[in-house]
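Chain and residue survey
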Amino acid sequence: MVKKKTPQSRRIAITDHLEFSSYLEIAQKKGGLVADRETELRKSTEGVVIIDFGSQYSHLIARRVRELNVYCEVISHTDKWDAVKHINLKGVILSGGPSSVYDDDAPLAQTWVYEKRLPILGICYGMQVLAHQLGGLVSPSTKREYGHAVLHQNYSESPLFGHLDPSMPVWMSHGDQIQGLPPGFRALGYTDNSPIAVMGGDKDIFGLQFHPEVAHTPQGRQILKNFLVDICGCRAKWTPLNVIAEAVETIKKTVGDGKVLCALSGGVDSAVTAALVHRAVGDQLICIFVNNGLLRLEEAERVQNTFERHLNMNFIYVDASRRFIEKLKGVIDPEDKRKKIGEEFIRVFEDEAASIPNINFLAQGTLYSDVIESKTAETKSAAKIKTHHNVGGLPKEMKLKLLEPLRNLFKDEIRGVGRALDLPESMINRQPFPGPGLAIRVLGEVTEKKLEILRACDWIVIDEIKAANLYDQLWQAFAVLTDARSVGVMGDSRTYGHVVAVRAVESDDAMTADWARLPYEVLSKISSRIVNEVPEVNRVTYDITSKPPGTIEWE
């Protein structure tokens, strides 16, 4: 007999964040906004929350919800109602997770999840949490279910099944099973190995044993839409335009008469951040581009030209390359690299701010995937993948207050905001380049010589990718200077040179990625050019690892 437990009540602190809601739909009076704007905003931020139980798919659920034009946030299973009360909450989604609900330390949902009487959708472990906490029975299954399965409906009249086939392929990943339904629930669907693959109650509470968020469940999008629109009543009107208007107003209120430094990298995240802040406070914004010595070939010159040509903003160029290279001497561990680079960026910005009166804020282009992978307070349940220099790599004590208007957005959403702000496509479609730069593409200690070799290789990779008209089809393409050496033969002589790896991936949000199937002709050209034009390299490999299990960057 499984012993039932009461919900746990651990709590974590939640970092302040910008509330992205529809400013355009908030009542406006002639000559200005309504008086109590904060109250109105809290009433208008319509969306759902995804409660994370440690699943690496939680971010993917968020992506699917956002794609349906419904705002959502991922929170920890330990968060209390105060963490979500700023949202006009329409529903709750419980994520999957690696635990078993009957374990002594199993994460469970907080009591407010049930007390607020909101629609709830439990996915995989989330379904088991519902069953366990509402009086059902969960136990180990004699037949585990991983991979493809076929779901058959028991009750097609359920609103969760609207516009769906009676039987459909789904993706399973579980070892536990619902053995007994909670009072008031019934089985809505089954598979060969799961008699209760879908359950529903009388109060708009549903559980799915499969994962609707993954591509392997083809009709999963429709299931999520049915839950969000038909069951929760979401209007599905969350768009980049909503983000712009609300972010601008929030920035104005936050900054007041102060001044803002914006850390520019040349990428779309920092460019959109700069454009948003500039729209909000105009000349109170000062953009700073720091050459950290870890950039690609001619990167500093290209970034300066782009911003001077397209953005009419205060712009400062700082050459701090020596500072960063010195900081990285003898550093081999990737986490140490990221943290040292993150801290040095902040120190450079603080030094520049000291010469400018009334600087209070530092704006940077942190995005949601950075937050998730760095395992900050917002995502305490998820395992840390790596420390992003602009999140976990920041020093504990800072003189400037952070302004991060994109912190709750994924990359493609940020690109949508950029288009709505009329930024040039060349800036919006620029492939991501990591904040730590080439430091995490040089394996082992970073030296000037290694950087010189990598820059030459990387230039060839991008040049050939563009020549083949593949640049806009790829999420990222780049070269990695490994710490391996190999024997070769060139000009009838023995060589002992560096091994370079080429990496090209396809992705929507950087949280998952697949290696790109580049044409053999392109790979052949890249390899031939590198070994012929970069004398220190005598071998080129191609990385065919997806994410997961790998990451996009090597470090």
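Residues numbered from 1 in each chain as written. Predicted model: local features only at pLDDT ≥ 70, side-chain atom pairs only at ≥ 80, totals over all residues. Heavy atoms only, no water.

1. Digging into helix H10 (residues 334-353)
Relative to the 28 Å expected for 20 residues at 1.5 Å per residue, H10 spans 29 Å between its end C-alpha atoms, a close match to the ideal helical length. Buried within H10 we find Lys-337, Arg-338, Ile-341, Gly-342, Glu-344, Phe-345, Ile-346, Val-348, Phe-349, Glu-350 and Ala-353. At its buried positions, H10 is contacted by strand E12 (259-264), strand E13 (285-291), strand E14 (314-319), helix H9 (321-327) and strand E15 (359-363). You can read the cap of H10 off the contacts: a side-chain oxygen lies 3.0 Å from the backbone nitrogen of Glu-335, and it is on Asp-333. (Helix = DSSP H or I, 4+ residues; strand = E, 2+ residues; numbered from the N terminus. Expected span 1.5 Å × (residues − 1). Buried < 20%, exposed > 50% of the residue type's maximum accessible area, 1.4 Å probe, protein only. Contact = heavy atoms within 4.5 Å. Polar contact = N/O pair within 3.5 Å; in protein donor to acceptor, adjacent residues only side chain to side chain.)

2. Details of the nonpolar core
Core analysis: the largest hydrophobic core is formed by 123 residues, its most contacted members being Val-92, Leu-261 and Leu-276. Broken down by element, the residue count for this core peaks at nine residues, all from helix H7 (residues 268-281). With near-sequence residues (within four places) excluded, Leu-261 lies in contact with Ile-286, Ile-288, Phe-349, Ala-353, Ile-356, Ile-359, Phe-361, Leu-362, Ala-363 and Leu-400. The next biggest cluster of nonpolar side chains, apart from the first, holds 37 residues, and it includes Ala-149, Leu-160, Ile-223 and Cys-232. (Core = buried A, V, L, I, M, F, W, Y, C linked by side-chain atoms within 4.5 Å.)

3. A word on the packing of H7 against helix H12 (residues 411-420)
Put simply, H7 and H12 touch, their axes get as near as 10 Å, and they point 45° apart. The angle between H7 and H12 places the two elements in the oblique class. The hand of the H7/H12 crossing is left-handed. Along its contact with H7, which presents Val-268, Asp-269, Val-272 and Leu-276, the element H12 presents Lys-411, Ile-414, Arg-415, Val-417 and Gly-418. Considered class by class, the residues forming the contact of H7 with H12 number five nonpolar, one polar and three charged. (Axes fitted to C-alpha atoms, helices over the stretch in contact; angles between N-to-C directions. Parallel < 35°, antiparallel > 145°, perpendicular 65-115°, else oblique. Left-handed = near helix turned anticlockwise from the far one by under 90°. Nonpolar A, V, L, I, M, F, W, Y, C, P; charged D, E, K, R; others polar.)

4. Overview of the sheet that holds E12
Reading across from one edge, E14-E13-E12-E15-E16 is the order of the five strands in this open sheet, with parallel pairing throughout. Here the strands that pair on one side only, and so sit at the sheet edges, are E14 and strand E16 (401-403). Averaged over all pairs of adjacent strands, the angle between their axes in this sheet comes to 30°, without regard to strand direction. Summarising the sheet, E15 and E16 pair through three bridges and their orientation is parallel. Bridged to Phe-361 within E16 is Lys-401. (Pairing = 2+ DSSP bridges.)

5. A short note on the packing of aromatic side chains
Per the counting criterion, the structure on display carries seven aromatic pairs. With a centroid separation of 6.0 Å and 20° between ring planes, the pair formed by Phe-345 and Phe-349 is classed as stacked. Remark: Phe-349 and Phe-345 occur in helix H10; sequence separation between them is four residues, near one turn of the helix. Of the two residues, Phe-345 and Phe-349, neither departs from the other in class, the shared state being buried. Taken together, the aromatic side chains of Phe-324, Phe-345 and Phe-349 make up a single cluster linked through ring pairs. Above the face of the Trp-81 ring, Lys-116 is positioned so that its terminal group lies 4.3 Å from the ring centre. Lying across the ring of Trp-515, Arg-517 places its NZ or CZ 3.8 Å from the centre. (Phe/Tyr/Trp six-rings, centres within 6.5 Å; stacked < 30°, edge-to-face > 60°. Lys NZ or Arg CZ within 6 Å of the ring centre and 35° of its normal.)

6. Topic: H7
Taking 1.5 Å as the rise per residue, H7 with 14 residues should run 20 Å; its terminal C-alpha atoms sit 20 Å apart, in good agreement. Of all 14 residues in H7, 12 are buried, a share of seventy percent or more. Within the span of H7, buried status applies to Val-268, Asp-269, Ser-270, Ala-271, Val-272, Thr-273, Ala-274, Ala-275, Leu-276, Val-277, Ala-280 and Val-281. Immediately downstream of H7, the backbone of Gly-282 shows phi near 60°, a positive value.

7. Here's the deal with the layout of surface pockets
It is a probe the size of a water molecule, rolled over the atoms, that shows where empty space is left. Considering only enclosed or pocket space, the second largest pocket measures out at about 540 Å³ in volume. In terms of lining, the second largest pocket is formed by 23 residues, of which the most central are Arg-296, Arg-302, Arg-430, Lys-466 and Tyr-471. Of all the secondary structure elements, the ones that give two or more residues to the lining of the second largest pocket are helix H8 (299-310), helix H13 (425-428) and helix H14 (448-467). Looking at side-chain class alone, the lining of the second largest pocket contains seven nonpolar, five polar and 11 charged residues. (1 Å grid on protein atoms, 1.4 Å probe; cavity = no way out; pocket = protein on both sides within 12 Å on 5 of 7 lines; lining within 4 Å. Points joined across faces, edges and corners; volume = space filled by probe spheres on them.)

8. Some words on the packing of helix H6 (residues 240-255) against H12
Two quantities define a packed helix pair, namely the angle between the helix axes and the distance between the axes. Look at H6 against H12: their axes get within 9 Å of each other, and the N-to-C directions meet at 75°. By the angle between their axes, H6 is roughly perpendicular relative to H12. Touching Pro-240, Leu-241, Val-243 and Ile-244 of H6 are Gly-416, Val-417 and Ala-420, all from H12. Looking at the contact of H6 with H12 residue by residue, the classes come out as six nonpolar, one polar and no charged.

9. Examining the environment of Asn-88
Mapped onto the elements of the fold, Asn-88 is located in strand E5 (residues 88-94). In sequence terms Asn-88 and Gly-47 are 41 residues apart; their C-alpha atoms lie 6.3 Å from each other.

10. Some thoughts on the confidence of the model for the protein
Mean pLDDT over the protein stands at 84; residues scoring 70 or higher make up 86%. Scored below 50 in pLDDT, residues 1-43 makes 102 contacts in the model with residues more than four places away or belonging to other chains. (pLDDT = per-residue confidence, 0-100.)

11. Remarks on the environment of Leu-409
Tracing the sequence through the fold places Leu-409 in the loop between E16 and H12. Relative accessible area serves as the criterion here: at 0%, Leu-409 is assigned to the buried category. Spatially, the C-alpha atom of Leu-409 lies 9.8 Å from that of Asp-509, the residues being 100 residues apart in sequence. Residues contacting Leu-409, with those up to four places away along its chain left out, are Arg-66, Trp-238, Val-243, Leu-367, Tyr-368, Ile-414 and Val-417.

12. Focus: the pattern of salt bridges
Summed over the entire model, instances satisfying the criterion amount to 33 salt bridges. A salt bridge links Glu-67 to Arg-63; its shortest N-O distance comes to 3.4 Å. Highlighted residues: Glu-67 and Arg-63, both in helix H2 (residues 58-67), separated by four residues, approximately one helical turn. Note on Arg-63: relative accessible area 1%, which makes it buried. As a salt-bridge pair, Lys-327 and Glu-344 come within 3.9 Å of each other at their nearest N and O atoms. Placement of the pair is Lys-327 in helix H9 and Glu-344 in helix H10, with a sequence separation of 17 residues. With a relative accessible area of 6%, Glu-344 lands in the buried category. (Salt bridge = Lys/Arg side-chain N within 4 Å of Asp/Glu carboxyl O.)

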